[in-house]
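Coordinate analysis (summary)
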Amino acid sequence: MKLNIAIVDDNLADRMRLESFIRFWFSEGDGEITLNRVKCYASGEEILNDFEADSFHIVFMDIIMGSLNGIETARALRNSDTRLLIVFITTSSEYALEAFPVHAFDYILKPYKKSDVNRVMNEAVSLLTQKEAVVTVKVGRNEYKIPVRKIVAAVARDHFVEISLSDGNSLLSNMKFREIEQIFSEHDDFLLCNRGVIVNMSKISTMGNGVFIMKNGAHYPIRKADSSEITAAFSQYLISNMRYIAMGGG
C-alpha cells in the first residue's frame, strides 16, 4: 500500500520536524507500506485550494493557524472526504471538545516526539489496511457485495427490501427482511430501530423527536416501545467507535 500524507502547519520548523519523523517511520518499515508522497501546506487555505477527495490518506493538521484555523479547515476537508484520517496537532488538549464533530482520528500535542508520530502512524496504517467489510444480498437473480460503509439503511417495502446507499442510489432486494436482518446483524454498525427498518449507525447525523436523522437527510423512526434500548445501543456505538466513524461516514 502506498500512502499520501499531508501536513498543514503555519510553522516551517514544525512542518519540517514532522515530515522528518514521518519519513523515518517509513524507512524503518518492512516495505509493505510505502510513502507515495508527503506534501506540506502553510495554511488551511493552501490545502483547500489543492484538495480533492481521496488525494490523501492522512492529514496532520495544526489547530492554531492564521485566518482559517485547523478545525475549520478539517471541517471543509471532511465534507469532501469522509474517509480521510485527520490528526490534529495542538499545544493544548483544550481544543479536543471543539474538534470532536470533525471526527479526528487522533491528536498530537506539541512539542511532539518521534514516539508520538510512530504511535499515530502505526494505528493509522492498522486501520487503513483492514479488509473492508461487505454484505452480500440478492437483487433478482444476481448477488451484490455491498461495502458496509456505503449502506445508509434497509427498509421493508411490500415484497422487497430497499437498501439505501450513501451515493444516493438504492437497491431493491427480493430477500425477506428477516434474512437481511440476519446478514446485517453480523456487523456492529447496523441497528434495528423500528419494525422493518435497519440503520447504519455510522451514517446517523443526529437523533431527536423519536427519529434518527441521517447524514444524507433521510429520517427513520425509532420504535417507541424500545426507544430506551435503541438509544442506549446507539450511545454505546458512538463511544466504542469514536475514532472509526469517519471511515464509514458520509
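Keep in mind the model is a prediction, meaning the values are calculated, not measured.

1. Structural notes on the nonpolar core
Counting 25 residues, the largest nonpolar core has Ile58, Phe60 and Met121 as its most contacted members. Counting only elements with at least two residues in this core, the list comes to strand E1 (2–8), helix H1 (12–27), strand E3 (58–62), strand E4 (85–90) and helix H5 (114–128). In contact with Met121, other than residues within four places in its own chain, are Ile5, Trp25, Phe26, Ile58 and Phe60.

2. A closer look at the sheet that holds strand E13 (residues 204–208)
The 3 strands lie next to each other as E13-E14-E15, forming an open sheet whose pairing is antiparallel. Edge strands, defined here as strands with exactly one partner in the open sheet, are E13 and strand E15 (219–221). Between one strand axis and the next, the sheet turns through 25° on average, direction left out of account. Judged from the 4 bridges that link them, E13 and strand E14 (residues 211–214) form a sheet pairing that is antiparallel. Looking at the pairing, Thr206 lines up with Ile213 of E14.

3. Some remarks on the environment of Val199
When you line up the elements, Val199 lands in strand E12 (residues 197–200). In the structure, Val199 is positioned 114 residues away from Leu85 in sequence and 24 Å away in space, judged by C-alpha atoms. Excluding its chain neighbours within four sequence positions, the residues that come into contact with Val199 are Val152, Ala153, Asp189, Phe190, Leu191, Cys193, Ile204, Phe212, Met214 and Tyr220.

Rules behind the numbers
- Residues numbered from 1 in each chain as written.
- Predicted model: local features only at pLDDT ≥ 70, side-chain atom pairs only at ≥ 80, totals over all residues.
- Heavy atoms only, no water.
- Core = buried A, V, L, I, M, F, W, Y, C linked by side-chain atoms within 4.5 Å.
- Buried < 20%, exposed > 50% of the residue type's maximum accessible area, 1.4 Å probe, protein only.
- Helix = DSSP H or I, 4+ residues; strand = E, 2+ residues; numbered from the N terminus.
- Contact = heavy atoms within 4.5 Å.
- Pairing = 2+ DSSP bridges.
- Axes fitted to C-alpha atoms, helices over the stretch in contact; angles between N-to-C directions.

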